[in-house]
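# Topology and contacts: notes
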Amino acid sequence: MNAPENLKYAKSDEWFDPATGAVGISDYAQNQLSDIVFVEILVEEGEELTVGKPIASVESVKASSEIYAPASGRVSAVNKGLSEKPETLNSDPYGEGWMIKLEGGAAGDLMDAGGYETYCEGRAH
Amino acid sequence: MANIVEPTIFELSSPGRRGVTMPASDVPTTDLPPQSLLRSDLPLPELAEVDVVRHYMKLSTFNYSVDGGFYPLGSCTMKYNPKINEDACRLPGFLFSHPLQPAETAQGNLALMYEMQEWLKEISGFAGVTLQPAAGAHGEFAGVLMMAAYHKSRGDTRRVKMLIPDAAHGTNPASVGMLGFTVVTIPSDPRGNVDLEALKAACDDTVVGMMLTNPNTLGMFDEHIEDVIKMVKDCGGLMYGDGANLNALLGIVRPGDLGFDVMHFNLHKTFSVPHGGGGPGSGPVGVSQRLADFLPSPLVDIVEEGDDEIAPLYGFVAPKHSIGRMKAFHGHFGGGLVRAYTYILMHGADGLKDIAQYAVLNANYLQARLRGTYRIPYDRICMHEFVVEGRFDGSDVRALDISKRLMDYNFHPPTNYFPLIVPEALMIEPTETENKDTLDRFADAMIKIAEESQTQPELLHGAPSTTRFGRMDEVKAARELVLCCWLPEGYSDQ
């Protein structure tokens, strides 16, 4: 599995980039979900979020999942193109697959890449 | 067999073909409505009767049904539906009655509804039952409405949280969302029970109640059910029971006795009303004494007592603080209630108990046969269903591949990817109607498929290969939503 070192990870499989404020779902999450067929971002630019607030709804052929804010802050950008191309979450979860950007807040209780990899391996068995 | 495609009924259409020839009119003609109200772009198919019959006859042979084979679709309780149900619901007295006719002229129907209410009360241990809800989730909605009305009637307006275990059916949070309550998810412990520590932490005076499926979607009877119920009640909450898995408990455990306040029945699961194909379902709801005044209106009751000579007079009554109607008329009467009534009558009290015992025995037999071949994450005596992981170490075979391969062995696949707390879940519910030979054939196929996943994984990835159609492109079907085979004039497909 792929978990870039510069990102922080939530137990519910979101990543947060402390440098840019970007939020998305991890490679592990997209792989578990399998082919993603629908994405709806539930928050708007300018909205103030607390940690754990639902920010998006993602559906794959297997399941439907809520995505939660891994950090607090004001929504400074929303990836509007994502709903047109939900498969981006599968092909590029850490790049083009970003969901929203947050500013002016603080990260929740997040893991670093190593900790997250160990956490995911623990779940595989 | 493969790839024989039947055209759609629209493709079979040919201008001028028809099923009946209209006789010459022998009544005065009248003018058509103005031209602006008529449309000519409705492409109604034109075929002879025989072509229509053959078309649908052919399509019906493409189908897999419980009348055709084993259907272990977990949590759906796809039991065989006895054919005497069909006779009963076609009796002229049921078939030709109208919901608007005066109650005095439909006494047989009302007597059946009254007895059905009484029987469901006896089976479940509840004080009152409504037959109105159209299906399970509709029953949940009715139940949650009553819970909300109860708290409101006491001026207890701070309660906004509903506790729902992560092993619940997805309809539970959806029903709660309909009322604007907040869902708090309670995790399961390693034995598949409600995690008592997490429950304790969530219990406070803002709790509306808890929605618990018992046995849950792992097929596990909660080992601390009494503690769970006590904890929720101690903080002033009400207990909702999701009756989807009632088949495991019939005649053995009564949810009302356990302390549940409200529960919906799925007549289309437990009581052999046909299931699937979109319905109609039927989702009566039972409630404890403290919710009885809030039941939907009307209920059927005896309005004039009878005696040895004269039958009682049945009529409709309204509970004191009723939440109102859940449905026009009286629920799914002929399609649901009459069939379920027949089923209960045919089995009797002992027969209902047998149903639960054989359902649980069959599930445990299958679980025992698959143990060692498939990983069973919550491995203890199960109730009416159990969940295995559809994956193997060192193999890229997934639950979906196993499901598709089962079709090559002429079995309907189990529910897959549910419950969400088991990776690559395969949820298997054989039901009580299956004999040992069928269970063995299914177990043999599952074990053979596990071998194939090591020796010939391409067989699984490419499955099914012996069915009329091969693997469907589920991703394309979900991403490109084309629901219509023709487009009206003026619409473009872009």
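Preceding this paragraph is the structure being described.
These notes cover the structure that comes with them. (Residues numbered from 1 in each chain as written. Chains lettered and ligands numbered in written order. Predicted model: local features only at pLDDT ≥ 70, side-chain atom pairs only at ≥ 80, totals over all residues.)

### Considering the interface of chain B and chain A
Stated precisely, the cut-off is as follows: Note that contacts rest on C-beta atoms placed from the backbone: two residues are in contact if these are within 7 Å. Each residue is assigned to one of three groups, with Ala, Val, Leu, Ile, Met, Phe, Trp, Tyr, Cys and Pro labelled nonpolar, Asp, Glu, Lys and Arg labelled charged, and all others, Gly among them, labelled polar.
The interface is formed by 6 residues belonging to chain B together with 5 residues belonging to chain A. For the side of chain B that touches chain A, the class distribution of residues is 4 nonpolar, no polar and 2 charged.

### Considerations on the sheet that holds strand S7 (residues 64-68) of chain A
All names here are of chain A. Rule in force here: Strands were regarded as paired on the criterion that DSSP finds at least two bridges between them. Per the convention used, a helix needs a DSSP run of H or I reaching at least four residues, while a strand needs a run of E reaching at least two, with both numbered from the N terminus. Here the axes come from fitting lines to C-alpha atoms, over the contacting stretch only for helices, and the angles between their N-to-C directions go from 0 to 180 degrees.
Read from one edge to the other, the open sheet built from 3 strands follows the order S4-S6-S7, with strand pairing classed as antiparallel. Among the strands making up the open sheet, the edge pair consists of strand S4 (36-41) and S7. Sheet twist, expressed as the average angle between the axes of neighbouring strands with direction ignored, equals 20 degrees. Sheet analysis places S4 next to strand S6 (residues 54-60), joined by 5 bridges and oriented antiparallel. Counterpart to Glu40 in the pairing with S6 is Ser57.

### Description of helix H11 (residues 333-370) of chain B
All names here are of chain B. Rules: Given a helix with a known number of residues, its expected span is that number minus one, times 1.5 Å. Bend at a given residue is defined as the angle between two axes, one fitted to the seven residues that end at that position and one fitted to the seven that begin there.
Its 38 residues place the ends of H11 only 41 Å apart at the C-alpha level, less than the 56 Å of an ideal helix rising 1.5 Å per residue. The axis of H11 is deflected most strongly, by about 100 degrees, at Gly348. Directly beyond the C-terminal end of H11, a positive phi value near 95 degrees is found at Gly372.

### Examining unusual backbone geometry
A cis amide bond links Asn214 of chain B to the next residue, Pro215 of chain B, at an omega of -5 degrees. Examined against the element boundaries, Pro215 of chain B turns out to sit in the loop between strand S4 (207-213) and helix H9 (225-234). Pro464 of chain B follows Ala463 of chain B through a cis peptide bond whose omega is 0 degrees. Inspection of the secondary structure assignment puts Pro464 of chain B in the loop between helix H14 (457-461) and helix H15 (474-479). In this structure, Ser34 of chain A takes a positive phi of about 65 degrees despite not being glycine. Position of Ser34 of chain A among the secondary structure elements: in the loop between helix H1 (27-33) and S4. In this structure, Ser75 of chain B takes a positive phi of about 70 degrees despite not being glycine.

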